[in-house]
Structures are given as C-alpha cells and as structure tokens.
Amino acid sequence: MYVITGATSRTGSVVANYLIEKGQSVRVLGRNAERLTPFADKGADIFVAEPADQAALTEAFTGAKAVYVMLQPNYIATSNDFHVFQDRIMDAIMPALEKAKVKYVVSLSSWGADKPEGTGPVAGLYQLEQRLNRIAGLNVLHIRPGYFMENTLSQVDNILARNTAAGPFSPNIKFPFIATRDVGLAAGEALLKLDFQGKLSRELHGSQDITMVEVSAIIGKVIQHPDLTYVQDSKERTRRDLLGLNFSEHIIQLILEVADAMNAGHIQMLEPRSADNSTPTSYERFVYETLLPLYKQRASNT
Ligand SMILES: NC(=O)c1ccc[n+]([C@@H]2O[C@H](COP(=O)([O-])OP(=O)(O)OC[C@H]3O[C@@H](n4cnc5c(N)ncnc54)[C@H](OP(=O)(O)O)[C@@H]3O)[C@@H](O)[C@H]2O)c1
C-alpha cells in the first residue's frame, strides 16, 4: 500500500490518482474526510489526520510500501512562525516513519533546498531533506521542482485590478516554471518504480526557463490582452498587497526573502537542463488550461 500525505494538495492529488489508475492500493491522508471522498470513490483508503499528529501518522504509515511526504503550506498563519509550523510536521513525520519501519519515501522538496537559509519557506525543505536523510535504512528520493506555474494565478487579480501583471520578481531573470501536475506525475512514477536506493535528490526544471516579462506576454496573448506588461513592485507595495490578503507579517517576510533569493540567484538549479529533468507542460498550455478559465470566471464577476 502507498500512503500519500497532503493528498488533497495540488501535487499529492496527482500522485494519489496516478497510483490509483495504475491499480495500486493507496491510502490518502488529509484533515477532512469529505475532501478525501473523491479518492474513496475510486477505491482508496481514506485516513483523516492532522499533519503534526505523530500517533495518527504512525498508524497511517504502518504497512506502507512507500510514502509520499510533503510539508503542507500554512501561509495565512495564525501562529506567527512558519518554520515552527514546518518543524511540528517534521517532528511528527520522522518518528512515525521510523516506528512504522517505512523503507521508501518520495519527498516534495524544492529548488533551493540545498541552502540552509536565506530562502524563505524553502529553508524548511532543506530541513526536511536533512532529517529524512538521517533515518537509517530509509531509501528517499527528494523531488526538487522549480517555481510552480500555479503561483502566477495571482496575476489574474493584478490584471483585473491594475491592468498589469506585477510582483516582486526581477522582470528579466529566467526561472524554471513547472506545472504542479508534472511534479505529481514525476513523484507518482518514482513511487511506482521504487528504483532508488539510499538518499537521492532529483531536480525538475519544468519545460523551459522564462522571465516574468515572457510570462506576461504569454498571458496577454492567451487572454487577448496583447499589450499586457509586467511591473516589478517595490517591497512596500508587495507587503501592503499581501497584508490586504490576510498574510501575516512573518509570512510576508518569508515571501520577500524567497523573491530576493530568486532574483539574486541564491536559489537556483544545480544541474543544467536536460531531457531527464525537463517536464512536458509548457507555460502556454498551463495558461490556456488553468489561468484562462479563472480569468474568464473572475472577469465575469467584476
Ligand atoms: N510554490 C512553489 O513554487 C513551490 C516550489 C517548490 C516546492 N514547493 C513546496 O510544495 C509544497 C506545497 O505543495 P502543493 O502545492 O502540492 O500544496 P497545496 O496544494 O498548496 O497543499 C494544500 C494542502 O495542504 C493542507 N493544508 C492547507 N493549509 C493547511 C494548514 N493550515 N494546516 C495543515 N494543512 C494544511 C490541505 O490539505 P487538507 O485540508 O486536506 O488537510 C491542502 O490540500 C510546499 O511544501 C512548498 O514549499 C512549492
């Protein structure tokens, strides 16, 4: 049986569905049974657990052939320390994996997880890798994807409110954008094959490196707004906008830190792009399939 933590997440749901479609026995974990029902309808075992509940995780992992491990995000944090939240999840997962004697893990890490600090929320994924690597006898593959295309869905609101794409990123630096579907499929394939031994990481660069100016041009073409441009917001402007979206000061600091780290090249891929670390979904396809429907829906409501 495969156990999928964060099964309702964008990546975890793809992992779970992939393994179910391959005829595998799957247990899906999440905080809410109703949100897990679609997997139960396809034959999966649903298991309700808080991500930091060590006893529940131990029970859920017992008998697992392999586990998909992720750190759930909690950006609109009531607690004002995101890394403490990440630590609590890790403090539960590590002993649970050991007690359940799990032999294989695929973990959702990130580009930049090779750096211990200066990377915002990604520093927690450095810790995740290090702590999984310390578990004796565990075979673990850390998936290190680039920047999620889904992050650019926030451009819909920028375009509707300000008639421009905007954000804290430098306009002309290329980033490896990847669709979460491709991340989930790579993790699912790794779990199905289980052909890794020891402690390994695998970078996923997406289909191409593109700049925010190029991102805006693609969005503009697809939504038929050919003059769409990109504005790099000041930190103060980003801070103000995120406060308006109910993000805590602490999370905003981490978001600004990760943006600085990407702009400065502190977060970067370590390997050159290759056929092996590239994934199929282009940014244009993502915009047609995911951003455009959201844009149409929001535009019709304004
Ligand atoms: N954004 C990027 O560019 C990027 C790049 C590389 C790596 N990553 C990493 O990818 C991970 C996110 O993956 P994803 O996009 O697949 O996740 P996601 O879709 O954002 O995951 C959301 C899931 O987390 C759970 N969750 C949400 N808020 C929570 C809270 N306050 N407490 C506990 N659980 C909560 C929910 O599950 P239930 O409600 O069902 O429990 C929800 O389905 C993070 O670790 C992030 O650091 C992100």
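First, a word on scope: everything that follows refers to the structure included in this document. Every chain begins its residue count from 1, and numbering advances along the sequence as written. Note on the predicted model: pLDDT of at least 70 is required for a residue's local features to be given, and 80 or more for side-chain atom pairs to be given and counted; whole-chain, interface and lining totals, by contrast, use all residues. For the side-chain quantities, the full set of heavy atoms in the structure was used; hydrogens and water were omitted.

Here we look at the site of the ligand
Line of reasoning, step 1. Working definition: residue near molecule or strand if any one of its non-hydrogen atoms lies within 4 Å of it. Near the ligand lie 23 residues; those nearest to it are Thr-8, Arg-10, Thr-11, Arg-35 and Leu-71.
Line of reasoning, step 2. What qualifies as a polar contact is a pair of N or O atoms within 3.5 Å, subject to a donor-acceptor requirement within protein and to the restriction that residues adjacent in sequence count only when both atoms come from side chains. In the environment of the ligand, an oxygen atom lies 3.4 Å from a nitrogen or oxygen atom belonging to the side chain of Ser-9.
Line of reasoning, step 3. Between the ligand and Asn-74 there is a distance of 3.1 Å, counted from a nitrogen atom to a side-chain nitrogen or oxygen.
Line of reasoning, step 4. Out of a free accessible area of 950 Å², the ligand has 84% covered by protein chains.
Line of reasoning, step 5. For the shell around the ligand, the elements supplying multiple residues, two or more each, are helix 1 (10–21) and strand 7 (147–148).
Line of reasoning, step 6. Considering only residue class, the shell around the ligand consists of 10 nonpolar, 10 polar and 3 charged. For every accessible area listed, the method is Shrake-Rupley and the probe measures 1.4 Å; residues are considered covered only by the protein chains on display. Under the DSSP-based scheme used, a helix requires at least four consecutive residues in state H or I and a strand at least two consecutive residues in state E, with every element numbered from the N terminus. Under the scheme applied, nonpolar residues are Ala, Val, Leu, Ile, Met, Phe, Trp, Tyr, Cys and Pro; charged residues are Asp, Glu, Lys and Arg; polar residues are all the others, including Gly.

Digging into the sheet that holds strand 7
Line of reasoning, step 1. One requirement defines pairing of two strands: DSSP has to find at least two bridges between them. Judged by pairing direction, the sheet is mixed, and its 3 strands sit side by side in the order 7-9-11 without closing on themselves. Looking at strand neighbours, the two that pair on one side only are strand 7 and strand 11 (208–210), the edges of this open sheet.
Line of reasoning, step 2. Pairing analysis gives 2 bridges linking strand 7 to strand 9 (residues 175–178), with the strands arranged parallel. By the bridge assignment, Tyr-147 is partnered in strand 9 with Phe-177.

Some remarks on the pattern of salt bridges
Line of reasoning, step 1. We define a salt bridge as a side-chain nitrogen of Lys or Arg found within 4 Å of a carboxyl oxygen belonging to Asp or Glu. In total, this model carries 16 salt bridges according to the counting rule given.
Line of reasoning, step 2. Its salt-bridge partner being Asp-91, residue Arg-131 comes within 2.8 Å of it at the nearest N-O pair. Residue Arg-131 is found in helix 5 (residues 122–133), and its partner Asp-91 is found in helix 4 (residues 82–99); the two are separated by 40 residues along the sequence.
Line of reasoning, step 3. Among the salt bridges present, the one from Glu-249 reaches Arg-239, with a minimum N-O distance of 2.4 Å. A residue pair is termed long-range when its members are at least 10 positions apart, and Glu-249 in helix 10 (residues 249–264) and Arg-239 in helix 9 (residues 235–244) qualify at 10 residues.
Line of reasoning, step 4. Residue Arg-239 is classed as partly exposed on the basis of its relative accessible area of 21%.
Line of reasoning, step 5. Look at the salt bridges and you will find they share partners, linking Arg-162, Asp-233, Arg-237 and Asp-241 into a network. The cut-offs for exposure are 20% and 50% of the maximum accessible area for each residue type, with area from a 1.4 Å probe on protein chains only; residues under the lower value are buried, those over the upper are exposed, and the others partly exposed.

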